[in-house]
Each structure stands twice: as structure tokens, then as C-alpha cells.
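Working through the structure, step by step
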Number of protein chains: 2
Amino acid sequence: MDSSSTERTIEYDKLLADFKALLKDKALKFTNQREKILETLYYSQEHLTPEALHLLIKEKYPELNAGIATIYRTLSMLEENDIVSSLSFGAQGKKYELGAKDHHDHMICTECGEITEFVDDVIEAQQHKIAEKFGFKMHDHSMQIYGICKKCQNN
Amino acid sequence: MDSSSTERTIEYDKLLADFKALLKDKALKFTNQREKILETLYYSQEHLTPEALHLLIKEKYPELNAGIATIYRTLSMLEENDIVSSLSFGAQGKKYELGAKDHHDHMICTECGEITEFVDDVIEAQQHKIAEKFGFKMHDHSMQIYGICKKCQNN
DNA sequence: TTATGGTTTGATAAACAGTCTCATTATCTA
DNA sequence: TAGATAATGAGACTGTTTATCAAACCATAA
Ligand SMILES: [Mn+2]
Ligand SMILES: [Mn+2]
Ligand SMILES: [Zn+2]
Ligand SMILES: [Zn+2]
């Protein structure tokens, strides 16, 4: 079966150093806002909407006075550079998470919203086979399983 | 491998009769608007945004004078009753398609937007196994493979 | 058939998410 | 440290989806 939960695989210091290197490489600037956004994403275990991330940052760093536009701009930039990934399901809009974890897919409880992460080698391998069959050059994929979690089944 | 394209599996008359029965069962009314929305979804092979569907209907049935709000309302109702399903990826918003086809997943070209449908038995079976392992009661799932289609690779 | 009451509708206002603009501020490099 | 330029916050703006409500419509039963 090989399904398993995922866990963070990179230290924050390393992540930050890589991020600084990336910015330098692309002639982008290392700003306070960008740093706090990265940090907040790293230390949050949640899948965050831009709005939720904005709130967290306003709470923790009120003096930063970060604007929502910067949150959106930075999330887009981070996603383009494969540092975060986004997940969109239902009407709830996009949710972002730090991609410093290994790739994984999601199981979503439609009752309580709980998101369980997993990786399954059989599925990963099969996706490559399918893409190959259609002459398709796969860059990425996303899989969601919807249903009712253990906890909600017992309520 | 068992991947294959999908095709429509139900006659329109049957679909319409089932729809009428459903409406009656739920004490909802069979209206001209609802009929034309169902019909247009059935005969379109595309994955349609609410806006695109609205345009199609205005072209074909101008005298109906269908409002966009009715399109949204009806699509939601159809989705709740598993008659259509929606697919949302990127910023492009939700696209709807008639679920009278068999279940299938999607392969999306990020260059030209082409959507290829497929079903893969290995993946279908594996998803059940994963849900089972986590004590999760699966209701639905959705998988998208993103990449570059054959055509776009040769451009 | 027609009357009746609840449903559905279209128009339009409102909410909402996300993007754009631009004057000001911050960062980087020499 | 200064100058060039990138990034920022505020808020205007866009496009999409939802809510409101009076008018029209549909199903039912007389
Ligand atoms: Mn995740
Ligand atoms: Mn499809
Ligand atoms: Zn749950
Ligand atoms: Zn293509």
C-alpha cells in the first residue's frame, strides 16, 4: 500500500537561506514582509487562505502593517518558485501550504473540513503511466479524496 | 493500465425523465429554464463555466431570456443532486459538466487548456484502499494531471 | 378549466475575492 | 551613503457569485 502521512523535511534556517539565494538569483529583494510570510507559512501546520495568513501575520507582527496585496503577491511568487503549493476545492477558495514538505495528496472531510495528507506510491507511479500513455508531459498533479473522517462518522 | 477516454452513457430522454422524477420527488418545479440548462449541458461536450453556458443558452433560446442567476442556481441544484459535477483549477473558476457520463478524471494542458478525460482502474481501486486505511468513508474523489499536451509539445 | 399558493424567475444590488495603480518607502549595490 | 530601482500599502477597480424582491410561473385541486 505504501500510503503514509507526511512530515516537514527541511529546517527553517535552510529554507530561509535557499529563499534568500533564490531572491538574489532573480534580482528580487529580501524584504521584511517576504520573510514573515515565509516564516508564518513554515510554522503553521495548516492549509491557509491568503486571508487567514494575513490575519496571522497582523496578529504576530502588527508593526509590520502588511497589506493583503503583498500577501497575494508573495504567495504567487512563492508558488511560481515551487516553495508553496495551493489547493482549491469547493467554493472555499485557494489554500496555500509550504511545499517544503514532500509531495502529498489530500483527503478532505466534507463534514468538519479536516484535511489529512498522504502519499501513495502506487498512485504516484500510475499517474506517470497514464500521462505517458497519452503522450502528455506531466508537470504536476493533484488528487483529493472527499468523504467523512473517522471522528465525524462517530457523531 | 486500463486508462481510456470516456463517452456519454445515457440517452437524453432517459436523463430528462429522471430529472423530472427528481424534481417531483423534491417538490421542485419543472421549468423551461431548468430544461434548457439540462439540455444544453447534455449536448455540449465541453466543460462549461456558468458564463459560457449562459451565452450558449442566450444564443439558442433568446426568447427564454434566461438570467445568469438562474444558471448559477440551477447548476448548484444539479450538482447537489449529482447530475453535474464541477472542476476547478487555477484561477479560471469552476467548470461544469454533465455527470451522466461515467466517472472520470482529468488531464489538463497548462499551455492550451485542453482537457482530456480518462478513467484508470488501478487508481480507482487504490483510492478505495487508501480511504479504508485511514478509516475514512469516501464519497467522491477528484484527480487532475497537469502538464503539456502532445500538440503543445510540438509547437 | 380555473383559482390559488408556493416556487422560480430576472433584474439589480450587494458581497466577495483577487488584481491593479500609484505615490511612498525600503532594499541593494557601488 | 547615495542613487537606482524594486516593493509596499492604500484603496480603486474588476470579475464572479450570492442575496433580495416584485412579478411570473407552475402544480395542484376544486
Ligand atoms: Mn497538504
Ligand atoms: Mn470531464
Ligand atoms: Zn470530519
Ligand atoms: Zn496543450
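Here the structure is a predicted model, which means the values were calculated and not measured.

Our next topic: the protein's contact with DNA strand D. Around DNA strand D, a shell composed of 16 residues is seen, among which Lys-29, Arg-34, Ala-66 and Thr-70 of chain A together with Tyr-72 of chain B lie nearest. Here DNA strand D approaches the protein such that, of its atoms within 4 Å, sugar and phosphate make up 77%. Here a phosphate oxygen of DNA strand D and a backbone polar atom of Asn-65 of chain A are 3.0 Å apart. At a separation of 3.2 Å, a phosphate oxygen of DNA strand D approaches a polar backbone atom of Phe-30 of chain B. When residues of the surface near DNA strand D are assigned to their parent elements, the largest contribution, three residues, is made by helix α4 (residues 68–80) of chain B. Here the residues of the surface near DNA strand D are counted per class, giving six nonpolar, five polar and five charged.

With that out of the way, let us pick up the pairing of strand β3 (residues 105–109) of chain B. All names here are of chain B. Extensive coverage of β3 is indicated by the burial of five of its five residues. Burial along β3 is two-sided: the face carrying Asp-105, Met-107 and Cys-109 and the face carrying His-106 and Ile-108 are both buried. Connecting the antiparallel pair β3 and strand β4 (residues 115–118) is a turn made up of five residues, with Gly-113 showing a positive phi of about 80 degrees. Here β3 pairs with strand β5 (residues 137–148) via four bridges, running parallel. Among the inter-strand pairings, His-106 is bridged to a residue of β5, identified as Gln-144.

A separate point is the sheet that holds strand β4 (residues 115–118) of chain A. Ordered by their spatial adjacency, six strands build an open sheet running β4(A)-β3(A)-β5(A)-β5(B)-β3(B)-β4(B), and the pairing between neighbours is mixed. Two strands lie at the open edges of the sheet, namely β4 of chain A together with β4 of chain B, each paired on one side alone. Neighbour-to-neighbour, the strand axes of the sheet open up by a mean angle of 20 degrees, direction not taken into account. On the sheet, helix α5 (residues 121–133) of chain B packs against β3 (105–109), β4 and β5 (137–148) of chain A together with β3 and β5 of chain B and is oriented at approximately 130 degrees with respect to β5 of chain B.

Quick look at the relation of the copies chain B and chain A now. Expressed as a screw transformation, the operator carrying chain B onto chain A has a rotation angle of 179 degrees and an axial translation of 0.1 Å, and the superposed copies differ by an RMSD of 0.3 Å. Those values place the two copies in the arrangement expected of a two-fold rotation axis. Within chain B, the C-alpha atom positioned nearest to the axis of rotation is that of Met-143 of chain B, 2.1 Å from it. A symmetric contact is evident, with 100% of the interface residues of chain B recurring at the interface of chain A.

What follows concerns the protein's contact with DNA strand C. Contacts to DNA strand C come from 17 residues, most closely from Tyr-72 of chain A together with Lys-29, Ala-66, Thr-70 and Arg-73 of chain B. The contact atoms of DNA strand C, taken as those within 4 Å of the protein, divide so that sugar and phosphate hold 69%. In the environment of DNA strand C, a base oxygen lies 2.9 Å from a nitrogen or oxygen atom belonging to the side chain of Lys-29 of chain A. At a separation of 3.0 Å, a sugar or linking oxygen of DNA strand C approaches a polar side-chain atom of Gln-33 of chain B. For the surface near DNA strand C, the secondary-structure elements that each account for two or more residues are α4 (68–80) of chain A together with α2 (32–43) and α4 of chain B. Among the residues forming the surface near DNA strand C, the class breakdown is six nonpolar, six polar and five charged.

Given two aromatic rings, their pairing is described by the distance between the two centres and the angle made by the two planes. Per the stated rule, a full pass over the model turns up eight aromatic pairs over all chains. Ring centres of Tyr-42 of chain A and Tyr-43 of chain A lie 4.8 Å apart, and the angle between their planes is 85 degrees; this geometry places the pair in the edge-to-face category. Summarising the aromatic geometry, the rings of Tyr-12 of chain B and Tyr-42 of chain B are spaced 5.3 Å apart at their centres and angled 50 degrees between planes, so their arrangement reads as tilted. Separated by 30 residues along the polypeptide, Tyr-12 of chain B in helix α1 (residues 12–25) and Tyr-42 of chain B in helix α2 bring together distant segments of the chain. Considered together, Tyr-12 of chain B and Tyr-42 of chain B belong to a single accessibility category, that of buried residues. Site record: aromatic cluster; members linked through ring pairs are Tyr-12, Tyr-42 and Tyr-43 of chain A. Above the face of the Phe-30 of chain A ring, Lys-20 of chain A is positioned so that its terminal group lies 4.9 Å from the ring centre.

If you look at the interface, chain B gives 41 residues, while chain A gives 41 residues. Together chain B and chain A conceal approximately 3400 Å² of surface at their shared face, both sides included; 68% is due to carbon and sulfur atoms. Remark: the boundary between chain B and chain A carries zero salt bridges. For the pair chain B and chain A, the number of links is 12 residue pairs in polar contact (both at pLDDT 80 or more). For the side of chain B that touches chain A, the elements supplying multiple residues, two or more each, are β3, β4, α5, β5 and α6 (150–153) of chain B. If one sorts the elements of the side of chain B that touches chain A by residue count, β5 of chain B sits on top with 12 residues. Here β5 of chain A runs beside β5 of chain B; their pairing, made up of 11 bridges, is antiparallel. Note that in β5 of chain B the partner of Tyr-146 of chain A across the bridge is Asp-140 of chain B.

Quick notes on the rules
- Residues numbered from 1 in each chain as written.
- Chains lettered and ligands numbered in written order.
- Predicted model: local features only at pLDDT ≥ 70, side-chain atom pairs only at ≥ 80, totals over all residues.
- Heavy atoms only, no water.
- Near = heavy atom within 4 Å.
- Polar contact = N/O pair within 3.5 Å; in protein donor to acceptor, adjacent residues only side chain to side chain.
- Helix = DSSP H or I, 4+ residues; strand = E, 2+ residues; numbered from the N terminus.
- Nonpolar A, V, L, I, M, F, W, Y, C, P; charged D, E, K, R; others polar.
- Buried < 20%, exposed > 50% of the residue type's maximum accessible area, 1.4 Å probe, protein only.
- Pairing = 2+ DSSP bridges.
- Axes fitted to C-alpha atoms, helices over the stretch in contact; angles between N-to-C directions.
- Contact = heavy atoms within 4.5 Å.
- Least-squares fit on C-alpha atoms with pLDDT ≥ 70 in both.
- Phe/Tyr/Trp six-rings, centres within 6.5 Å; stacked < 30°, edge-to-face > 60°.
- Lys NZ or Arg CZ within 6 Å of the ring centre and 35° of its normal.
- Buried area = accessible area lost by both parts, 1.4 Å probe.
- Salt bridge = Lys/Arg side-chain N within 4 Å of Asp/Glu carboxyl O.

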